[in-house]
Amino acid sequence: MIDGRDAPNRRRVRGWLAPAAALFLACALAAAPAAQATGPGDAPPAAAPSVDELRDPASTAVLVNASRPLDPVDHVPNHLEPVTGSGHELVPEAAAATRELIEAAASAGHFLAVESGYRSYTRQAELFDQYSARYGEAYASRISAEPGTSEHQLGLAVDLGLTSGLCSLQACFGDTEAGQWIAEHAGEYGFIIRYPEGSEELTGYSYEPWHLRYLGEATTADFAASKAGTYEEYVDALEAAADVVAEPLDDLPPEGSALGPLRIDVSDGLFRLSDWREFE
Ligand SMILES: [Zn+2]
């Protein structure tokens, strides 16, 4: 216990390559270039969500995956609205951003349609049962979510496709000009491609270039700045940074040196990690 800031349930950093920090380093080295927030000049500044927001299904920043089900599992968003002409619904912020993205894509010559938006717990259960019956549960869980673990239940995830139907819900969508346009510009509208190529071990899902997750522009910009490759890595880093306490060490790393997205601060003789937003 040091300087009164320790707490029984907080993790101590015992060495300067503590497991969590080593993970960040590996993540930073492996990180793919993230979409830049290059909106038309009126985008809010990058800002990280709080650790509470990362678990709050009412927050646009909540992380949901197979190991972090919704709480409650039958969560229903307070407000949903139709995405014009699609027959699908999203929460209002995500619906508005989807409309803007589709309009901008059309201006660039890419004609997109919403293929899926909000799905209720019950609808997700039906879908998962259908996939399980057809492919077996192991494969079904790679391409679909068990009820209570889908981002679509948040009303914050949208599947987009070409109006022509080319490569609909297939990896080759990412190779189309529209898919490339989405990868480049989704961040400007507060979306990320949630299941990037080659990240199945981290996200639990195979590559889905059509599945966009609305995080809001501030979180999306912070995600891009973090250089995390997946939202799982970003959330891990935020939660770990909030969980780390300073501790005196014999073997101090150099002041100001970088450890992945984290900054090492030993100015007062204590080892401390601060997150990337303080690191230039
Ligand atoms: Zn989807």
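In this text the structure is predicted, and so the values were computed from the model without any measurement.

Along its length, the protein carries eight helices and twelve strands. For the protein, with 280 residues in total, the buried portion stands at 37%. Residue pairs in contact within the protein that sit at least 24 positions apart in sequence constitute 68% of those at least 6 positions apart.

Burial of helix α7 (residues 217-226) is extensive: seven of the ten residues sit out of reach of the surface. Those residues of α7 lying buried are Glu-217, Thr-219, Thr-220, Ala-221, Asp-222, Phe-223 and Ser-226. Looking at the packing, one finds that the buried side of α7 touches β6 (191-193) and α8 (231-243). With its phi angle positive at about 65 degrees, Lys-227 sits one or two positions after the end of α7.

Another point: the nonpolar core. Of all hydrophobic cores here, the largest spans 47 residues; its most connected members are Ala-94, Ala-186 and Phe-191. The biggest single contributor to this core is α8, with seven residues. Counting only domains with at least three residues in this core, you end up with domain 1 (1-31 + 227-280) and domain 2 (37-226).

A few words on the environment of Ala-48. Secondary-structure assignment places Ala-48 in the loop between α1 (19-30) and β2 (81-83). Through-space distance from the C-alpha of Ala-48 to that of Leu-238 is 8.1 Å; in sequence the pair is 190 residues apart.

Another point: the sheet that holds strand β7 (residues 211-214). Here we have four strands laid out as an open sheet, ordered β4-β5-β7-β6, and antiparallel in their pairing. Either end of the sheet is taken by a strand with one partner, and the two such strands are β4 (112-116) and β6. Averaged over all pairs of adjacent strands, the angle between strand axes in this sheet comes to 40 degrees, irrespective of strand direction.

What follows is about the confidence of the model for the protein. Per-chain confidence: the protein averages 80 in pLDDT, with 72% of residues scoring 70 or above. Note on residues 1-40: pLDDT is under 50 here. Beyond four places in sequence and across chains, it has 70 contacts. Contacts for the low-pLDDT stretch residues 275-280, under 50 throughout, to residues beyond four places or in other chains number 13 contacts.

Moving on, we get to unusual backbone geometry. Geometrically, the link from Asp-71 to Pro-72 is a cis peptide bond, its omega value of 5 degrees lying close to zero. Within the secondary structure, Pro-72 is located in the loop between α1 and β2. Positive phi is not limited to glycine here, since Cys-167 has a value of about 60 degrees. Relative to the helices and strands, Cys-167 resides in the loop between β5 (157-162) and α5 (177-185). Of note, the phi angle at Lys-227 is positive, near 65 degrees, even though the residue is not glycine. Residue position: Lys-227 is located in the loop between α7 and α8.

The next point concerns helix α3 (residues 121-135). Its 15 residues place the ends of α3 21 Å apart at the C-alpha level, agreeing with the 21 Å of an ideal helix rising 1.5 Å per residue. Looking one or two places after α3, you find Gly-136, whose phi comes out positive at around 90 degrees.

A word on the pairing of β7. Covered by surrounding structure in β7 are His-211 and Arg-213 together with Leu-212 and Tyr-214, the residues of both alternating faces. Where β5 meets β7, three bridges bridge the pair, whose relative direction is antiparallel. Directly across from Val-158, in β7, lies its bridge partner Leu-212. Bridge count for β6 against β7 is three bridges, and the pairing is antiparallel. The partner of Ile-192 across the bridge, within β7, is Arg-213.

Moving on, we come to the environment of Ser-67. By secondary structure assignment, the location of Ser-67 is in the loop between α1 and β2. Note: C-alpha distance between Ser-67 and Thr-149 (82 residues apart in sequence) is 7.9 Å.

Mapped onto the fold, Ser-50 is located in the loop between α1 and β2. Placed twelve residues apart in sequence, Ser-50 and Val-62 show a C-alpha to C-alpha distance of 9.9 Å.

Basis of the calculations
- Residues numbered from 1 in each chain as written.
- Predicted model: local features only at pLDDT ≥ 70, side-chain atom pairs only at ≥ 80, totals over all residues.
- Helix = DSSP H or I, 4+ residues; strand = E, 2+ residues; numbered from the N terminus.
- Buried ≥ 20, exposed ≤ 12 C-beta atoms within 10 Å, placed from the backbone.
- Contact = placed C-beta atoms within 7 Å.
- Core = buried A, V, L, I, M, F, W, Y, C linked by C-beta atoms within 7 Å.
- Domains from an automatic or database assignment.
- Pairing = 2+ DSSP bridges.
- Axes fitted to C-alpha atoms, helices over the stretch in contact; angles between N-to-C directions.
- pLDDT = per-residue confidence, 0-100.
- Expected span 1.5 Å × (residues − 1).

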